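# Structural description and commentary
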Amino acid sequence: MSDDCIFCSIVAGEIPSRTVYEDDDVLAFLDANPLAPGHTLVIPKDHHEHVQDMPNDLAGDVFAVMHRLVEPIESAVDADGSTVAFNNGEVAGQEVPHTHGHVVPRFDDDGGRPIHSIFGSGPDLDDDELDDIAASIADDAED
Ligand code: 5GP
Ligand code: ZN
């Protein structure tokens, strides 16, 4: 548990939440300021700031709970789909520094946009740059 972390306080029961799923390692609860009805947050109970800070097993557990909840969440609010996403790091809009996955129900007429709309036009990368980036990621991913 991290001092001054609002999600650690929710895990500890010091701040109330509308819990929708809980096991030994993962907690899911309704977002207090929902972007849509049913907007749910899924968190590891242990404090980790970023997605990549979680041990592999825990990351798998968190995703498994998101996977498990998508259908019940969509059903609960009669959604047509959902946006499933992490804001990973302050620069990406992460406001609570305890990693959390968002499941935001989507509706045909909600006026929302896809994740791609976060960005304007993408960078202009040539083939060599793309090859270098791909090779670097592949090398690191092997470790
Ligand atoms: P972020 O921008 O960090 O990805 O998202 C943080 C989310 O946490 C926001 O959608 C916000 O509404 C939600 N949130 C912040 N404080 C609380 C809280 O005390 N309880 C609940 N249930 N959600 C919270
Ligand atoms: Zn925390």
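Structure: see above.
A short tour of the structure in this document, coming up. (Residues numbered from 1 in each chain as written. Chains lettered and ligands numbered in written order. Predicted model: local features only at pLDDT ≥ 70, side-chain atom pairs only at ≥ 80, totals over all residues. Heavy atoms only, no water.)

### Thoughts on the pairing of strand E2 (residues 26-30)
Two faces belong to every sheet, and in a regular strand the side chains alternate between them. Counting buried positions along E2 yields 4 of 5 residues, so the element is predominantly enclosed. Alignment of strand E1 (residues 19-22) against E2, held across 3 bridges, turns out to be antiparallel. Residue pairing across strands places Thr19 opposite Phe29, the latter belonging to E2. Linkage of E1 to E2, two consecutive antiparallel strands, is achieved through a turn of 3 residues. Sheet topology places E2 next to strand E3 (residues 40-44); 5 bridges connect them, and they run antiparallel. Along E3, the bridge assignment pairs Val26 with Pro44. (Buried < 20%, exposed > 50% of the residue type's maximum accessible area, 1.4 Å probe, protein only. Helix = DSSP H or I, 4+ residues; strand = E, 2+ residues; numbered from the N terminus. Pairing = 2+ DSSP bridges.)

### Observations concerning the sheet that holds strand E4 (residues 81-85)
In spatial order, the strands read E1-E2-E3-E5-E4; together these 5 strands make up an open sheet with antiparallel pairing. Looking at strand neighbours, the two that pair on one side only are E1 and E4, the edges of this open sheet. When strand polarity is set aside, the average angle formed by the axes of neighbouring strands in this sheet is 15 degrees. With 3 bridges connecting them, E3 and strand E5 (residues 101-106) associate as antiparallel partners. In the strand pairing of E5, Thr40 is matched with Val103. Set on the sheet, helix H2 (residues 56-77) makes contact with E1, E2, E3, E4 and E5; between it and E3 the angle comes to about 165 degrees. (Axes fitted to C-alpha atoms, helices over the stretch in contact; angles between N-to-C directions. Contact = heavy atoms within 4.5 Å.)

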